[in-house]
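Chain by chain, the residues:
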Amino acid sequence: MKIEVVRQLPKGNTSIVLPYHLCSKGLEDAVLCRTPEDYDMLVKIIFLAAWAKNVIVVIYTVLSNHYHVVVLAASDADADACGEEIKRRYSMWLSHKYGERGMLHGVETSALIMTDRWHVRNALAYVPRNALDNGADVNTYKWSGYRGMLCREGIGGLRGVASLSRREVRKLFHTADDLKRVPWKLNGCNELEPLYCCDHAYLEQAFEGDQAFFLKTLGALNVAEMRYSLEEKPFNMVPDTELLKSVNDISMQWFGRSVDRLPAEKKYRLLPYISGQGKPRFHNWRERLRCRKTLWKQSLGRYKCTRSIFRRLSLYVNSSL
């Protein structure tokens, strides 16, 4: 399978993109989706946010108190912005419908990049598997993008979102966004059909176009491991001593020497690994990695737009081992 692919993004530019898993943290006791209208609105908000922030949705699942989405993005900044935009727009929806302000104030969002085949395949299977937590069947769960996978026949009775009037857009999507270029289609219940909204080509190539392969992966998932990897680990603060040991281990694996013996350019190639290990205190790591202060500040100052490049280097090193 290909992890890194080229796609035309919503803004019309073509770019190399990588997969990210988006989720939220801090909603265990809250019920965000109380009615079918809420579920439908959160699905629509996921696509509105992705379109606004120039990323592509691969697959999603919406549950009563959280959501999971895998997107293709050109940078960490775009993926992060998409997660925050979902939070912002759905918070506005809750305020509008229920008069509940600040309900998502304490919620954190994460955008976790995936750079190896095992991680990508398992995440793509784990997202729709969450339907089981709502007591539903993965194949028939209404608020998931899975039902569009390997769908070779068109669905009748649909209408394109691009053909809607402004008044219809405001009524159905509760937004003034210009949706004249979106490829999305609505079914007879005015719900988005994932076949026309998600990048199922990426999902299908990950499982070699074989639904049995997908279902086998789903059935073999270590749910506890994936929940920790995708939902808990990105929000954890990792002790520096533990992280230093991990960084040294990966330095030995990649370069055959400890991190303190690496030249500057190789140390910077470890930045994406550090960022993927929970929530490290970046400014404490300049001295540990013995990087020059000016270069370190320059790297951190551009971090949002450059760390995906560092991760692509990591992907290249991993694939060559």
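The structure presented is a predicted model; accordingly, all values stated were derived computationally and were not measured.

Basis of the calculations
- Residues numbered from 1 in each chain as written.
- Predicted model: local features only at pLDDT ≥ 70, side-chain atom pairs only at ≥ 80, totals over all residues.
- Heavy atoms only, no water.
- Disulfide = S-S within 2.5 Å.
- Buried < 20%, exposed > 50% of the residue type's maximum accessible area, 1.4 Å probe, protein only.
- Salt bridge = Lys/Arg side-chain N within 4 Å of Asp/Glu carboxyl O.
- Helix = DSSP H or I, 4+ residues; strand = E, 2+ residues; numbered from the N terminus.
- 1 Å grid on protein atoms, 1.4 Å probe; cavity = no way out; pocket = protein on both sides within 12 Å on 5 of 7 lines; lining within 4 Å.
- Points joined across faces, edges and corners; volume = space filled by probe spheres on them.
- Nonpolar A, V, L, I, M, F, W, Y, C, P; charged D, E, K, R; others polar.
- Pairing = 2+ DSSP bridges.
- Expected span 1.5 Å × (residues − 1).

Quick notes on the state of the cysteines
Going through the model one piece at a time under the given rule, you end up with zero disulfides. Cys198 takes part in no disulfide bond, and the closest cysteine sulfur to it belongs to Cys197, at a distance of 6.3 Å. Look at Cys198 and you get buried, because its relative accessible area is 10%.

Looking at the pattern of salt bridges
What the rule picks out here adds up to 10 salt bridges. One network of salt bridges, in which partners are shared, links Glu85, Arg88, Arg89 and Asp177.

Structural notes on unusual backbone geometry
Unusually for a residue other than glycine, His174 sits at a positive phi of about 55°. Within the chain, Glu208 stands out as a residue other than glycine whose phi angle is a positive 55°. Tracing the sequence through the fold places Glu208 in the loop between helix 5 (200-206) and helix 6 (211-219). Take Glu208: its relative accessible area is 60%, and that puts it in the exposed class.

Concerning empty space enclosed by the protein
In total, this model carries two cavities of 30 Å³ or more according to the counting rule given. By volume, the second largest cavity amounts to about 40 Å³. Along the walls of the second largest cavity sit Asp40, Val43, Tyr60, Lys142, Trp143, Arg147, Glu191 and Leu192, which together make up its complete lining. Residues that form the lining of the second largest cavity fall into these classes: four nonpolar, no polar and four charged.

Notes on the pairing of strand 3 (residues 56-62)
When you tally the buried positions in strand 3, you get seven out of seven residues, the bulk of the element. Hairpin remark: strand 3 followed by strand 4 (residues 67-73), antiparallel, with four residues in the connecting loop.

Notes on helix 1 (residues 36-52)
Along its 17 residues, helix 1 runs 24 Å from first to last C-alpha, staying within 8% of the 24 Å computed at 1.5 Å per residue. Burial analysis of helix 1 places 14 of its 17 residues in the buried class, the great majority of the element. Once helix 1 finishes, Asn54 follows within two positions and takes phi at roughly 65°, a positive value.

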